[in-house]
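So the chains spell out like this:
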Amino acid sequence: MLSDAAPGKLRIVHGDVLTFKVERAFPESLKRQWEDDPPNVHIIGNLPFNVSTPLIVKWLENVSCRDGPFIYGRTQMMLTFQKEVAERLTANTGSKQRSRLSIMAQYLCNVQHIFTIPGQAFVPKPEVDVGVVHFTPLVQPRIEQPFKLVEKVVQNAFQFRRKYCYRGLGMLFPEVERVESTGKLLELADVDPTLRPTQLSVSHFKSLCDVYRKMCDEDPLLFAYNFREELKQNKSKNQEKEDDKEKHRL
């Protein structure tokens, strides 16, 4: 019905927004250089709450790689999120809402919480209010490292958000070298180990990512390290020891 009401002006695609190739949706003539003003391409969406976070993380990675919807240039986005998520995306350093999403969005984009829509404006009415957030990709990202590396450092830092930052950042390193390597990372990055994750600025994370990248270059196995896998292996070994003890008792 919408297509019929706007012949030649509106094309409706029925599909999954997480897999739809936006980069194929518009003509090549709309492309602009990254350093130029944003192109005449806009992503505007009233996102379902269950896909909003994975979708914005996916699009932020596209911004970092300048692919997907961002092959046209610095494509702007105007998106809806659960109000709490909107507040996380735009939270300042020191705010209680400061989170992984705050850093991942703000190191790549100028992010603004434009306004809030009360829940009763929707049918059916959601249990929460909705925040409208505008994103404009930056010409120069505030952290110039691969997206996956930044994501790993930020995720680990916020692992224990109420503890000092050295606790979460320590999970970047194997247990045998954790204390020494965490100390080295924080010292070289000039970051106070007693800051909470919410007190870390984008500049702090830039320093941490730059130093961590150098450490990964020195030890090629470091980036692949996953502390959860080490915990699992240790647990398995301990279980085997307990089983052996039980056998000897029998």
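Residues numbered from 1 in each chain as written. Predicted model: local features only at pLDDT ≥ 70, side-chain atom pairs only at ≥ 80, totals over all residues. Heavy atoms only, no water.

A few words now on the overall build of the chain. From N to C terminus, the chain includes nine helices and four strands. From first element to last, N terminus to C terminus, the chain shows the α and β order α-β-α-β-α-α-β-β-α-α-α-α-α. Each of the three principal axes of the chain carries a C-alpha extent, and together these read 80 × 45 × 35 Å. When burial is assessed residue by residue, the chain has 40% of its 250 residues classed as buried. Contacts spanning at least 24 positions in sequence make up 70% of the contacts within the chain whose residues lie at least 6 apart. Surface exposure of the chain reaches about 15,100 Å², of which carbon and sulfur atoms provide 50%. Each charge class in the chain can be summarised by its mean position, and for the 36 positive and 32 negative side chains these summaries are 4 Å apart. (Helix = DSSP H or I, 4+ residues; strand = E, 2+ residues; numbered from the N terminus. Buried < 20%, exposed > 50% of the residue type's maximum accessible area, 1.4 Å probe, protein only. Contact = heavy atoms within 4.5 Å. Areas by Shrake-Rupley, 256 points an atom, 1.4 Å probe, with all protein chains shown as cover. Lys, Arg positive; Asp, Glu negative; His and termini not counted. Charge placed at Lys NZ, Arg CZ, Asp CG, Glu CD.)

So, about the packing of helix α2 (residues 49-65) against helix α5 (residues 147-157). Where α2 meets α5, the axes come as close as 10 Å, and the angle between the chain directions of the two elements is 130°. Overall, the two elements α2 and α5 adopt an arrangement that is oblique. Listed contacts from α5 to Val57, Leu60, Glu61 and Ser64 of α2 are Phe147, Lys148 and Glu151. Looking at the contact of α2 with α5 residue by residue, the classes come out as three nonpolar, one polar and three charged. (Axes fitted to C-alpha atoms, helices over the stretch in contact; angles between N-to-C directions. Parallel < 35°, antiparallel > 145°, perpendicular 65-115°, else oblique. Nonpolar A, V, L, I, M, F, W, Y, C, P; charged D, E, K, R; others polar.)

So, on to the environment of Ser181. Position of Ser181 among the secondary structure elements: in helix α7 (residues 178-189). Spatially, the C-alpha atom of Ser181 lies 9.8 Å from that of Leu169, the residues being 12 residues apart in sequence. Filtering out sequence-adjacent residues up to four positions away, Ser181 remains in contact with Phe173 and Met215.

Turning our eyes to something else, we now look at a nonpolar patch on the surface. A contiguous nonpolar surface patch, about 290 Å² in accessible area, is contributed by Leu2, Leu10 and Ile12. Residue placement: Leu2 occurs in helix α1 (residues 2-5). (Patch = residues over 30% accessible without salt bridge, like charges linked within 9 Å, V, L, I, M, F, W, Y side chains within 5 Å. Salt bridge = Lys/Arg side-chain N within 4 Å of Asp/Glu carboxyl O.)

So, on to the sheet that holds strand β4 (residues 130-137). Strand order in the open sheet made by the four strands is β1-β2-β4-β3, with mixed pairing throughout. Looking at which strands have only one partner, the edges of the open sheet turn out to be β1 (42-45) and β3 (109-117). When strand polarity is set aside, the average angle formed by the axes of neighbouring strands in this sheet is 20°. The pairing of β3 with β4 spans eight bridges and is antiparallel. Bridged to Thr116 within β4 is Gly131. The sheet strands contacting α2 are β1, β2 (76-82), β3 and β4, and the helix crosses β2 at an angle near 150°. Strands β2, β3 and β4 of the sheet are contacted by helix α3 (residues 83-90), whose axis makes an angle of about 130° with β2. (Pairing = 2+ DSSP bridges.)

Glancing now at the UniProt feature "domain: Ribosomal RNA adenine methylase transferase N-terminal" (unreviewed entry) in the chain. When the UniProt feature table is mapped onto this chain, "domain: Ribosomal RNA adenine methylase transferase N-terminal" (unreviewed entry) is found at residues 1-139. When the span residues 1-139 is considered, its composition is 26% helix and 20% strand, and the gap between its end C-alpha atoms is 40 Å. (UniProt positions renumbered as here; feature names shortened; annotations may be inferred.)

This next bit is on the UniProt feature "binding site: S-adenosyl-L-methionine" (unreviewed entry) in the chain. Per the UniProt annotation, the sites labelled "binding site: S-adenosyl-L-methionine" (unreviewed entry) are Met1, Asp16 and Asn46. Here Asp16 is to be found in the loop between α1 and β1. Under the relative-accessibility criterion, Asn46 is labelled exposed at 54%. For Asn46, the residues in contact, after removing those within four places along its chain, are Thr80 and Phe122. Side-chain polar atoms of Asn46 contact the side chain of Thr80, separated by 2.9 Å. (Polar contact = N/O pair within 3.5 Å; in protein donor to acceptor, adjacent residues only side chain to side chain.)

On to the pairing of β2, then. Each regular strand displays side chains that alternate between the two surfaces of the sheet. Among the seven residues that make up β2, five are buried, leaving the element largely enclosed by the rest of the structure. For β2 and β4, the ladder comprises six bridges, and the chain directions are antiparallel. Counterpart to Phe81 in the pairing with β4 is Gly131.

Note that the residue after Val123, namely Pro124, is joined by a cis bond; omega there is -5°. We note that Asp190 has phi near 60°; this positive angle belongs to a residue other than glycine. When you line up the elements, Asp190 lands in the loop between α7 and α8 (202-218).

Moving on to the packing of aromatic side chains. Tallied over the entire structure, the rule returns five aromatic pairs. Summarising the aromatic geometry, the rings of Tyr164 and Tyr166 are spaced 6.2 Å apart at their centres and angled 40° between planes, so their arrangement reads as tilted. A residue is classified by how much of its surface remains accessible, and Tyr166, at 42% relative accessible area, is partly exposed. Ring geometry for Phe173 against Tyr212: centres 6.3 Å apart, planes inclined by 75°, an arrangement best described as edge-to-face. With Phe173 in the loop between α6 (165-169) and α7 and Tyr212 in helix α8, the pair connects residues that are 39 residues apart, well separated along the chain. (Phe/Tyr/Trp six-rings, centres within 6.5 Å; stacked < 30°, edge-to-face > 60°.)

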